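Residue-level structure breakdown
Residue strings, one per chain:
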Amino acid sequence: MAGDPRGSEEQWCLAVPRREAEAARRRLIEEGILDRRRKPRPEGDVVFLPVTEGIAGAVRCELETFPERIRPPRHELVGGIAIMQDDDPKGAEMLLASRPSLHTVLLPESSVEGEYRTRRFRVLAGTPTTRTRVIEYGLRFDVDLALAYFSARLATERQRILDVMEEGERVLDMFAGVGPFAITLAGKAGVVFAADLNPAAVHLLVHNGALNRRENIIPMLADAGALARIGLAPFDRVIMNLPLAAPQFLETAAGLCRDGGTIHLYALQEEEGECLPRIRAVTAGSVTERMVRTYSPGKWHAVYDIVVERDGT
Ligand code: SAM
């Protein structure tokens, strides 16, 4: 009865005595001929084991099919939003129905682009919005994926830096976005200066600072390249998370960091040590390089922890 709506189908089976069924099942797995899509069927003293071909002793019989495991389409989660990779509205509806925490499924219509590092999106399912709330290590971030950059992928990186920080440090986040580094580090810092040139990002940064009751963040609508001219006192730690272009701002960062202070430089690179010549132009201090995550074949995000030592440079 092929294609039975109840989910059973006629196929090849081996009838084996019940007490030998388990051993026979294992042997068939080893031989690669157990049909794992069908359920074995006990009947009296025998068990019918499904096999993939008409081997010696096999008979035709009807067996139930295991329900197919439905895999959700590929996606990345940002708070209540799922970002899918394929234009699949049915998959989007299925995804939305499968997770009560989701309110929207989006499809990117551009890559991360422009100075503000944002993407354009189309709504595939759910509430038509690009705004959502992300909870990261107990902190709340309101983000708008179309207006300002946000990625949850550096969440553990933010915690790593929080762990190595001393209480009361002066921190500068040169490319702060909606504030995930600034707000995380403000939990331990004396003060965090957080700059971004995207007004929408700074707006959300101010909002997120208040949302998390951080009162030691100074948000700045500013170009990182201009920070040296503002007359800021030296910092203990500088965060540089603008992977495509941050190395260009290293000189400014080193100038703003105290001797013995640390810069965390995030860079997109194709070769180990790619940023070292630029780093060596601004410091003689120790440099540690680590891979944070792969980006595309042959490209990865690296973080350089750089100690600023002016002597000898
Ligand atoms: N640090 C944030 C995070 O982890 O979510 C944002 C990182 S995002 C990759 C880089 C941010 O730098 C964007 O919000 C963009 O608007 C900002 N940006 C780009 N060029 C800048 C510049 N010259 N000065 C200040 N901010 C800049």
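Attention here is on the structure that accompanies the text. (Residues numbered from 1 in each chain as written. Predicted model: local features only at pLDDT ≥ 70, side-chain atom pairs only at ≥ 80, totals over all residues. Heavy atoms only, no water.)

**Here's the deal with the site of the ligand**
- In the vicinity of the ligand, 20 residues are found, and the nearest of them are Glu115, Phe175, Asp196, Ala224 and Asn241.
- Protein burial of the ligand: of its 590 Å² of free accessible surface, 97% is covered by the chains.
- Classifying every residue of the shell around the ligand gives 13 nonpolar, three polar and four charged. (Near = heavy atom within 4 Å. Areas by Shrake-Rupley, 256 points an atom, 1.4 Å probe, with all protein chains shown as cover. Nonpolar A, V, L, I, M, F, W, Y, C, P; charged D, E, K, R; others polar.)

**A word on the nonpolar core**
- Judged by nonpolar contacts, the single largest core of 34 residues is most densely connected at Val143 and Leu145.
- Listed by contribution, the elements that provide at least two residues to this core are strand S6 (81–84), strand S10 (139–144), helix H3 (155–164), helix H4 (180–185), strand S12 (191–196) and helix H5 (199–211).
- Of all hydrophobic cores here, the second largest spans 33 residues; its members include Ala246, Phe249, Trp300 and Ile306. (Core = buried A, V, L, I, M, F, W, Y, C linked by side-chain atoms within 4.5 Å. Buried < 20%, exposed > 50% of the residue type's maximum accessible area, 1.4 Å probe, protein only. Helix = DSSP H or I, 4+ residues; strand = E, 2+ residues; numbered from the N terminus.)

**Focus on the sheet that holds strand S7 (residues 104–108)**
- Pairing is mixed in the open sheet, where four strands are placed in the order S5-S6-S7-S8. In this open sheet, the two strands that pair with only one neighbour each are strand S5 (75–78) and strand S8 (121–126). Taken pair by pair, the neighbouring strands of this sheet meet at an average axis angle of 30 degrees, ignoring direction.
- Its contacts with the sheet place helix H2 (residues 89–98) against S5, S6, S7 and S8, and it is angled at close to 55 degrees to S8. (Pairing = 2+ DSSP bridges. Axes fitted to C-alpha atoms, helices over the stretch in contact; angles between N-to-C directions. Contact = heavy atoms within 4.5 Å.)

**Points about the pairing of S10**
- Summarising burial for S10: five of the six residues are buried, a large majority.
- As paired elements, strand S9 (residues 131–136) and S10 share six bridges and run antiparallel to each other. In the sheet register, Ile135 faces S10, and the bridge partner there is Arg140.
- Here S9 folds back onto S10 in antiparallel fashion, the turn holding two residues, of which Tyr137 has a positive phi close to 45 degrees.

**Describing the pairing of strand S11 (residues 170–173)**
- Relative to S12, S11 is paired through four bridges, and the arrangement is parallel. What sits directly across from Val171, in S12, is Val192.
- Each parallel crossover has a hand, and the one from S11 via H4 to S12 is right-handed.
- When S11 meets strand S14 (residues 235–241), the two strands line up parallel, connected through three bridges. Bridge assignment links Leu172 to a residue of S14, and that residue is Val238. (Right-handed = clockwise from strand over helix to strand, strands pointing away.)

**Topic: the sheet that holds strand S3 (residues 46–50)**
- Strand order across the open sheet formed by four strands is S2-S3-S1-S4, with antiparallel pairing between neighbours. With one partner strand each, in any of the chains shown, strand S2 (41–43) and strand S4 (59–64) form the two edges of the open sheet. For this sheet the average axis-to-axis angle between neighbouring strands, irrespective of direction, equals 45 degrees.
- By the bridge criterion, five bridges tie strand S1 (residues 8–17) to S3 in an arrangement that is antiparallel. Bridge pairing in S3 places Leu14 opposite Leu49.
- Sitting on the sheet, helix H1 (residues 21–31) is in contact with S1 and S3, with an inclination near 15 degrees to S3.

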